[in-house]
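# Analysis of the macromolecular model
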Protein chains: 2
Amino acid sequence: MNQLCLKKSRGKVMEILKSIKEEIVNLDYYKAGKISEAKARRKIKLSSNENLLGSSNLAIKGIKKFLSRKLNIYPDSKMTELKKALVNFFKKHNFDIKIENILFGDGSGEVINIIFSIFLGEDSCLILPEKSFILYYIHARSKGAKIIEAQRKNFEIDIDKIIEVLNKTKGKKVIIFSNPDNPTSTFIKKGIIKEFLSKIDPSIPVIVDEAYIHFAGLENSVIDLIKDFPNLIVIQTFSKAYGLAGLRVGYGIMNEKICEQAEKIRLPFNLGSLQQVGAIFALKDEKFLKKTIDYVSEGKNYLRKEFNKMGIKFLEPFANFFFVDFGEKTVDLINFLNSVGISIRHLVDFGYPENFVRITIGLPRHNKLLVSKLREFYGK
Amino acid sequence: MNQLCLKKSRGKVMEILKSIKEEIVNLDYYKAGKISEAKARRKIKLSSNENLLGSSNLAIKGIKKFLSRKLNIYPDSKMTELKKALVNFFKKHNFDIKIENILFGDGSGEVINIIFSIFLGEDSCLILPEKSFILYYIHARSKGAKIIEAQRKNFEIDIDKIIEVLNKTKGKKVIIFSNPDNPTSTFIKKGIIKEFLSKIDPSIPVIVDEAYIHFAGLENSVIDLIKDFPNLIVIQTFSKAYGLAGLRVGYGIMNEKICEQAEKIRLPFNLGSLQQVGAIFALKDEKFLKKTIDYVSEGKNYLRKEFNKMGIKFLEPFANFFFVDFGEKTVDLINFLNSVGISIRHLVDFGYPENFVRITIGLPRHNKLLVSKLREFYGK
């Protein structure tokens, strides 16, 4: 009797599963490969490109202050204060944007997902450099879109190959790449992106994910190209340089007409009150931003030197991480580092050969420990 | 020359707009009609069904404590601790669910959006009672789905009419309704929902949005029907009874196989660390939950009595708000209440005739002020 019931119930489960859209059933999960927050506190986590300095104290203080006013009221769905703060921040950094150009999201991931939702359907293609950030694939596939990868050149993004793929591909297209690039840490200069934009059909959206732009110099952002190229959408985040990965705040800067469409499908309360207030105060804390950029720059110089001494191959980094080729012994090395409490990111998940890893640049003490453990492993 | 440049740029804007999906261009905005957070502190806001008691102190304390550990680390993408806390909470309330049955979202809105995304496409229909919660329409239309409304009976949800519409409609279908219903505050008993589920095709997802269930008695939730009806999906939230509208935490309880598919398109870090820790502590604070339910119940009795005295027509409320018919003078009354610092929700936005409003039940002092202002308006 019980077995019969179970069977009947299973039959019903199958019925409802038939109603799930095929593109969802065929979709893979995002494998975060991250260690848990609890474990992270015991370990040195060099696997997720977080800010190892911590978070802006101003942001933390701002959130604490807000908490005394309670959380029972809905957040400001228009995020006016936060948008004003961002406009002012960019003004100080010589970028002229308006409130109408800003789309905020629950991390940059939500912004990308919203932009994909307004452009990508079953009849469209996402074009991106091969072996890019995994979430681009998942979000595009969930809209039923096809993925077309453009070949890289010595691991770097090859703009010419993207144009080649564009010309070969018919129908609706969207382009995305990260700059600095995740996971290679390489960087494309503004002039090259401008040239690219002037060459392609202005009806094709081009998304440039600048999650790591602060480490390459905010002045190198392509935000200012939006005026001339309304098909350009720039994505940035508070998760990296601002040290607020746990808060979930990202944003896109784009033509106001695109923004207007995107706003329609944004969840009206996608940023909570604490997220809004945290980001507002983080924008005021330029000292923290500078300290962050400085420790990353210092760590970059130190690790570059030490890697060279040990003959470790890497690409010149423009973000807060190194793209490293550890050669044949990579898996052993990752296991060894794990055993001594250092986690790094194996890039097989991204589709790279087994010898590639991504290592977040840490504080001086983290970098020193990493180097001493590498020396120990290599017997040097 | 300048004008020429402008024209050229405008031309480009038009090009990119052509690439935006038609269902997005045709979509309406969600008109929150809320007053800003700053204004809300000066006014008595009876327009958004928030918890006027505030938020759980335990939740606030939990968040403050977490803040000392900084926000630079990514949140736990699997939300294991939070899911465990919810399973335990439901166990205490005699509901047997597993971690695998839970989908968390940035407010219940994100959960509904994710569920719609896995079931609804351009070839499908959302069936719902006429004049339901506005966001159901927006999220469904953004997927390209058609909307079919089932007639109500004296404003209440009419299950027979939903079945009638179901039988008439071909192709893929999804059903959604809220219970207690927003904005009518009416309630459908579990037995009727069970009968409904047993009558319909088990391949049709039925979403029951229980955002206000705590006010109707948590024991009346249909969560326990999921075992027998794997096509049932129940949505709940921390925004109402828990007083955490500003934090943005909602969840869906559903068959583990549906949950598995939904998890694929959930943004891996859709709940930040503060959201997770706030919800965990809120679940522990059953005293706050009881106090909330008590003040709403008390206010309901008081307002029912006073409305009756004044001859004001309303439906018997099961949520923390009244659905009221103020008759011909409604617009004047809303303006008068606004002028004395009380905001209520006009239901023309929901598609109801001009005489209908929704009023959140407040604390005794709010309710008394409301009643005295109503008396003043009516000259009684």
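Residues numbered from 1 in each chain as written. Chains lettered and ligands numbered in written order. Predicted model: local features only at pLDDT ≥ 70, side-chain atom pairs only at ≥ 80, totals over all residues. Heavy atoms only, no water.

## Some remarks on the side chain of Thr237(B)
All names here are of chain B. Rules: Think of it this way: any DSSP run of H or I at least four residues long counts as a helix, any run of E at least two long counts as a strand, and we number them from the N terminus. Polar contacts, as used here, are pairs of N or O atoms within 3.5 Å; protein pairs need one atom able to donate a hydrogen and one able to accept it. Residues neighboring in sequence count only if both atoms are side-chain atoms. The contact criterion used throughout is that any non-hydrogen atoms of two residues lie within 4.5 Å.
Turning to its location among the elements, Thr 237 is positioned in strand S7 (residues 232–237). At 3.0 Å, the side chain of Thr 237 forms a polar contact with the backbone nitrogen of Ser 239. Engagement of the side chain of Thr 237 in a polar contact is seen with the backbone oxygen of Val 249, the distance being 3.4 Å. Once you skip the residues sitting within four places of it in the chain, Thr 237 turns out to touch Ser 108, Ala 211, His 214, Tyr 242, Val 249, Gly 250 and Tyr 251.

## As for the sheet that holds strand S3 (residues 124–129) of chain B
Residues and elements named next belong to chain B. For clarity, the cut-off: Two strands qualify as a pair provided DSSP detects at least 2 bridges between them. Comment: axis = line fitted to C-alpha atoms, over the contacting stretch for helices; angle = value between 0 and 180 degrees taken between N-to-C directions.
Strands sit in the order S2-S8-S7-S6-S5-S3-S4 across an open sheet of seven strands; the sheet is mixed. Only two strands of the sheet have a single partner each, and these edge strands are strand S2 (102–105) and strand S4 (146–150). The average angle at which neighbouring strand axes cross in this sheet is 20 degrees, direction not considered. Here S7 runs beside strand S8 (residues 250–254); their pairing, made up of five bridges, is antiparallel. Note on S8: the bridge partner recorded for Ile 235 is Gly 252. Relative to the sheet, helix H9 (residues 190–199) contacts strand S5 (172–178), strand S6 (206–209) and S7, its axis offset from that of S5 by approximately 180 degrees. In the packing of helix H11 (residues 256–265) onto the sheet, contacts are made with S2, S7 and S8, and the angle to S2 comes to roughly 35 degrees.

## Focus: the environment of Leu374(B)
All names here are of chain B. Mapped onto the elements of the fold, Leu 374 is located in helix H15 (residues 364–378). Leu 374 sits 37 residues away from Leu 337 along the chain, and the two C-alpha atoms are 8.1 Å apart. With sequence-adjacent residues up to four places away left out, Leu 374 is seen in contact with Phe 307, Met 310, Ile 312, Phe 326 and Leu 333.

## Things to note about the interface of chain B and chain A
Definition in use: Note on terms: buried area is the combined drop in 1.4 Å-probe accessible area of two parts once they are placed together, counting the loss on both. Salt bridge, as used here, is a side-chain nitrogen of Lys or Arg placed within 4 Å of a carboxyl oxygen of Asp or Glu. Under the grouping applied here, Gly and all other residues not named as nonpolar or charged are polar, the nonpolar ones being Ala, Val, Leu, Ile, Met, Phe, Trp, Tyr, Cys and Pro and the charged ones Asp, Glu, Lys and Arg.
Counting residues at the interface gives 87 residues for chain B and 87 residues for chain A. Summed over both partners, the interface of chain B with chain A buries about 7400 Å², with 65% contributed by carbon and sulfur atoms. Our count for the contact surface shared by chain B and chain A stands at zero salt bridges. At the surface where chain B touches chain A, the tally comes to 33 residue pairs in polar contact (both at pLDDT 80 or more). Tallied by class, the residues present in the side of chain B that touches chain A amount to 39 nonpolar, 26 polar and 22 charged.

## Some words on helix H12 (residues 273–284) of chain A
Defined as follows: How far a helix is expected to stretch is found by multiplying one less than its residue total by 1.5 Å. Under the scheme applied here, a residue whose accessible area is under 20% of the maximum for its type counts as buried, over 50% as exposed, and between as partly exposed, the area being computed with a 1.4 Å probe on protein chains only.
Along its twelve residues, H12(A) runs 17 Å from first to last C-alpha, staying within 8% of the 16 Å computed at 1.5 Å per residue. Of all twelve residues that make up H12(A), ten are buried, and the element is covered over most of its length. Summarising the contacts, the buried residues of H12(A) are in contact with helix H4 (57–67), helix H5 (80–92) and helix H13 (286–310) of chain A together with helix H4 (57–67) and helix H12 (273–284) of chain B.

## Points about the relation of the copies chain B and chain A
Note the following rule: Overlaid copies result from least-squares superposition on C-alpha atoms, with residues included only where pLDDT is at least 70 in both.
Rotating chain B by 180 degrees and moving it 0.0 Å along the rotation axis overlays it on chain A with an RMSD of 0.0 Å. The two molecules are tied by a two-fold rotation axis, judged by turn and shift. Among all residues of chain B, the one whose C-alpha sits closest to the rotation axis is Lys64(B), at a distance of 3.2 Å. Most of the interface of chain B is mirrored in chain A, where 99% of its interface residues again form contacts.

## What to know about the pairing of strand S5 (residues 172–178) of chain A
Residue and element names in this part refer to chain A. The condition is simple: A right-handed crossover is one whose linking path, passing over the helix from the first strand to the second, runs clockwise when the strands point away from the viewer.
Within S5, six of the seven residues are buried, leaving the element largely enclosed by the surrounding structure. Here strand S3 (residues 124–129) runs beside S5; their pairing, made up of four bridges, is parallel. Within S5, the position partnered with Leu 126 by the bridge is Val 174. At this point the chain moves from S5, through helix H9 (residues 190–199), to the parallel strand S6 (residues 206–209), and the crossover so formed is right-handed.

## Brief notes about unusual backbone geometry
Residues and elements named next belong to chain A. The linkage connecting Asn 179 with the following residue, Pro 180, adopts the cis geometry, with an omega of -5 degrees. Look at Lys 131: it is not a glycine, yet its phi comes out positive at around 55 degrees. As for its placement among the helices and strands, Lys 131 is situated in the loop between S3 and helix H7 (134–142). Look at Asn 154: it is not a glycine, yet its phi comes out positive at around 50 degrees.

## Re the pattern of salt bridges
Within this structure, the stated rule accounts for 44 salt bridges over all chains. Among the salt bridges present, the one from Lys290(A) reaches Asp294(A), with a minimum N-O distance of 2.7 Å. In this pair, Lys290(A) and Asp294(A) both sit in helix H13, four residues apart, roughly one turn of the helix. For Lys290(A), a relative accessible area of 53% gives the class exposed. Where Lys373(B) meets Glu376(B), a salt bridge forms, and the shortest distance between an N and an O atom there is 3.2 Å. Here Lys373(B) pairs with Glu376(B), and both are found in helix H15, just three residues apart, close to one helical turn.

## Let's talk about the sheet that holds S6(A)
Residue and element names in this part refer to chain A. Spatial ordering of the open sheet is given by S2-S8-S7-S6-S5-S3-S4, a layout of seven strands whose pairing is mixed. A strand with exactly one partner marks an edge of an open sheet, and here the two such strands are strand S2 (102–105) and strand S4 (146–150). When strand polarity is set aside, the average angle formed by the axes of neighbouring strands in this sheet is 20 degrees. Note: S6 against strand S7 (residues 232–237), four bridges, orientation parallel. Across the sheet, the residue bridging to Val 206 is Leu 232, located in S7.

## Description of the confidence of the model for chain A
All names here are of chain A. Selection rule: Confidence of the predictor in every single residue is expressed as pLDDT, which spans 0 to 100.
On average, residues of chain A score 92 in pLDDT, and 93% of them are at 70 or above. Across residues 1–8, where pLDDT falls below 50, the model places zero contacts with residues more than four positions away in sequence or in other chains. Model confidence for the complex is summarised by a pTM of 0.93, with the ipTM given as 0.92.

## Remarks on the domain arrangement of chain A
Residues and elements named next belong to chain A. The criterion, for reference: Where each domain begins and ends follows an automated or database-derived domain assignment.
Assigned domains within chain A: domain 1 (28–54 + 288–378) and domain 2 (57–284). Here domain 1 and domain 2 have C-alpha centroids that lie 25 Å from each other. Listed by partner, the interface residues are 29 residues for domain 1 and 27 residues for domain 2. In this assembly, domain 1 and domain 2 are joined by zero salt bridges.

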